[in-house]
Amino acid sequence: MPRQSRKRKILQSSDQIESAPREKIRINKTGLLGNGGSVDLFANPAVFLGHFDAPGPANPDSGIDSGSAEDSDGQEQKKPAWFDEDDQGIEVGEALAVQGRRLPAGGINDSRNKYSQLLEHKFEAIAGTPTWARLGKAKAEVSDSEDEDDEIFHTVGFINKTRRTTLPAGSLEFKQVKDLNCETYTEGPFINSVEFHPTSSVGLVAGNKGVATLFAVDGKKNNKLHSVAFEGFPIMCAKFVKNGEEAILGSNRKHIFVYDLIEARSVRYNLPSGMTQCKKFTVSPDSKYFAVAGKWGDVHLLSAASKEKIITLKQDSEVTALEFNSTGSMLFAHSDTSEVTIFDINMRRVKHKFSDEGCLQGSAVAAASSNQFLACGSAQGVVNLYGMEDVLQSNLPKPRRSIFNLTTSISGLKFNSSSEILALTSTDIKNSAKLFHVASGTVFKNFPAFQSKLGHLNCINFTPGSGFLALGNRQSVVSLFRLKHFKNY
């Protein structure tokens, strides 16, 4: 059989194909210009990304065939992308003669049949018709066949695994990774603050040596990004504000420093009149205010934007801990007695007071982001977990859970982002840390691991997505743990 020239013919629509008109775009220093308009390209990241994510407008006159059509029943009919004219002219007898082989006579093997039909029949008999090759099949029929294919995963030893959406109690899946400050260890020896950026995987570590360092949090290298030192200024507390654009650094001095992460510079602010230190403060979730624990029961409310004092609130005894609720409308202040004061931030006055059951001296307080729970820790090592509605309605609320796993003063309390875990630490004894499973009312029995060397813990924090847990101690080390249940940083 003489060799024939094989040509492939591309199917085209009967209509003439035209090129879709392109919009002329030019980029300059100020933005993206098109159709006479202008957009600031770099000022707003959402606008910038929108130019790449948004699909372009459809051109009804372009004449481009989509490669599919609908029949009279409204069912989508796919068209082959190309076909070979020479294949259509080859008969079974001619192909077998060239190949020098014989097949049983009759049926699909008849010498006058098309050779392409024989090959197609043989393939379907062995492998079946793949889903992607089915032309004109109803979607319901395709989905039914896919369900039949999946049946094998429910038999012969296959297990259909489903991912848990809630955190299971009992044992926690975690892994200790490289220390967060493994490239420096210069912030301490007392690590007083570990904070995580709200939108980027960046961690801030600060200690009493007056050094604050930013790290890229990945659990593998934790590369150092930047470090800034303040002479004669032991950093006692540090918090991100303005959606992570600034960090406020407080101490036992009469001034604070504000570090601008965008411009990489620090600015000194003298504290307002009546304030002598800023070593214990907390920031509202909306970054509008930060509250500072003062002397003799004073709570100073300052503007996070101007750093000016708005008002001084007052409670009956010394302030030992402060915490905003998840909306920023209330401020909880624990005291050196058993009394907890709730301030209404909008009204700028005391809203309610209640007594922490069994507490002689308060030491820590934490509010859940779900706004369901409030945890209060005492110097006696007891942590009481209250329902938020209970503490707002009663002067003597009953705790829903009482945690007695630590025996020394509670120095740190922190809920994770999903309010499923309450972390509690104590500085007085080495390795004094527990993770409490809120739903079951039990602690995770495998944390910390046996023979862990966490040291005397000074601070604790979760990343915004609870993917990592950080524990800062008094030996310049910030231990970092990967919590495997949580997939996000």
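Structure: see above.
These notes cover the structure that comes with them. (Residues numbered from 1 in each chain as written. Predicted model: local features only at pLDDT ≥ 70, side-chain atom pairs only at ≥ 80, totals over all residues. Heavy atoms only, no water.)

**Side note on the pairing of strand β11 (residues 211-216)**
Thinking step 1. Of all 6 residues making up β11, 5 are buried, and the element is well covered by its neighbours.
Thinking step 2. Between the antiparallel neighbours strand β10 (residues 202-207) and β11 lie 3 residues, among them G210 with a positive phi of about 85°.
Thinking step 3. Sheet topology places β11 next to strand β12 (residues 224-229); 5 bridges connect them, and they run antiparallel. By the bridge assignment for β12, T213 is matched with S227. (Buried < 20%, exposed > 50% of the residue type's maximum accessible area, 1.4 Å probe, protein only. Helix = DSSP H or I, 4+ residues; strand = E, 2+ residues; numbered from the N terminus. Pairing = 2+ DSSP bridges.)

**Focus: the packing of aromatic side chains**
Thinking step 1. Taken as a whole, this structure holds 9 aromatic pairs when the rule is applied.
Thinking step 2. Centroid distance F233 to F257: 4.9 Å. Interplanar angle 90°. Geometry classified as edge-to-face. Taken together, the positions of F233 in the loop between β12 and β13 (237-241) and F257 in strand β15 (residues 255-260) put the pair 24 residues apart, joining distant regions of the chain. Grouping residues by exposure puts F233 and F257 together as buried.
Thinking step 3. Ring plane angle 75° and centroid distance 5.2 Å describe the contact between F447 and F481, whose orientation is recorded as edge-to-face. Placement of the pair is F447 in the loop between β32 (442-443) and β33 (457-462) and F481 in strand β35 (residues 478-483), with a sequence separation of 34 residues. (Phe/Tyr/Trp six-rings, centres within 6.5 Å; stacked < 30°, edge-to-face > 60°.)

**Brief notes about the pattern of salt bridges**
Thinking step 1. Enumeration over the complete set of coordinates arrives at 9 salt bridges.
Thinking step 2. The salt bridge involving K242 is made with E246; its shortest N-O contact spans 3.4 Å.
Thinking step 3. Relative accessible area serves as the criterion here: at 31%, K242 is assigned to the partly exposed category.
Thinking step 4. Judged by its relative accessible area of 12%, E246 is buried.
Thinking step 5. A salt bridge links D390 to R400; its shortest N-O distance comes to 3.4 Å. With D390 in helix α6 (residues 388-393) and R400 in the loop between α6 and β28 (401-403), this pair connects stretches of sequence that are 10 residues apart. (Salt bridge = Lys/Arg side-chain N within 4 Å of Asp/Glu carboxyl O.)

**Some details on the sheet that holds strand β14 (residues 246-250)**
Thinking step 1. An order of β13-β14-β15-β16 is seen for the 4 strands of this open sheet, with the pairing classed as antiparallel. Each edge of the open sheet carries a strand with a single partner, namely β13 and β16 (265-270). Between one strand axis and the next, the sheet turns through 25° on average, direction left out of account.
Thinking step 2. With 4 bridges joining them, β14 and β15 adopt antiparallel strand pairing. (Axes fitted to C-alpha atoms, helices over the stretch in contact; angles between N-to-C directions.)

**Remarks on the nonpolar core**
Thinking step 1. One finds I421, L435, L469 and L483 to be the most contacted residues of the largest nonpolar core, which totals 18 residues.
Thinking step 2. Elements supplying a minimum of two residues to this core: β30 (421-425), β31 (433-437), β33, β34 (468-473) and β35.
Thinking step 3. Of the residues forming this core, the biggest block, 3 residues, is contributed by β33.
Thinking step 4. Discounting residues that sit within four places of it in the chain, I421 has contacts with L167, K414, F415, N416, L435, F436, V438, F444, F462, L483 and F486. (Core = buried A, V, L, I, M, F, W, Y, C linked by side-chain atoms within 4.5 Å. Contact = heavy atoms within 4.5 Å.)

**Quick word on empty space enclosed by the protein**
In this approach the atoms are scanned with a rolling probe the size of a water molecule, which exposes any empty space left behind.
Thinking step 1. As enumerated under the stated definition, the model contains 1 cavity of 30 Å³ or more in all.
Thinking step 2. Looking at the largest cavity, its volume works out to about 70 Å³.
Thinking step 3. Forming the walls of the largest cavity are L204, A212, T213, L214, H226, S227, V228, F240, A247, L249, Y259 and L261.
Thinking step 4. Taken together, the elements giving at least two residues each to the lining of the largest cavity come down to β11, β12 and β14.
Thinking step 5. Its residues assigned to classes, the lining of the largest cavity shows 9 nonpolar, 3 polar and no charged. (1 Å grid on protein atoms, 1.4 Å probe; cavity = no way out; pocket = protein on both sides within 12 Å on 5 of 7 lines; lining within 4 Å. Points joined across faces, edges and corners; volume = space filled by probe spheres on them. Nonpolar A, V, L, I, M, F, W, Y, C, P; charged D, E, K, R; others polar.)

**Topic: the sheet that holds strand β27 (residues 383-387)**
Paired through backbone hydrogen bonds, the strands of a sheet run either parallel or antiparallel to each other.
Thinking step 1. Overall, antiparallel pairing links the 4 strands, which are arranged β25-β26-β27-β28 in an open sheet. Strand pairing shows two members of the sheet lacking a second neighbour, β25 (362-367) and β28, which therefore form its edges. Taking each pair of neighbouring strands and ignoring which way they run, the sheet shows an average axis angle of 20°.
Thinking step 2. Bridge analysis of β27 against β28 gives 3 bridges, and the strand direction is antiparallel. Bridge pairing in β28 places N384 opposite S402.

**Observations concerning a positive patch on the surface**
Thinking step 1. On the surface, a cluster of positive charge is contributed by K254, K279, K280 and K295.
Thinking step 2. With respect to the element layout, K254 can be found in the loop between β14 and β15.
Thinking step 3. Taking relative accessible area as the criterion, K254 reaches 57% and is therefore assigned exposed. (Patch = residues over 30% accessible without salt bridge, like charges linked within 9 Å, V, L, I, M, F, W, Y side chains within 5 Å. Areas by Shrake-Rupley, 256 points an atom, 1.4 Å probe, with all protein chains shown as cover. Lys, Arg positive; Asp, Glu negative; His and termini not counted. Charge placed at Lys NZ, Arg CZ, Asp CG, Glu CD.)

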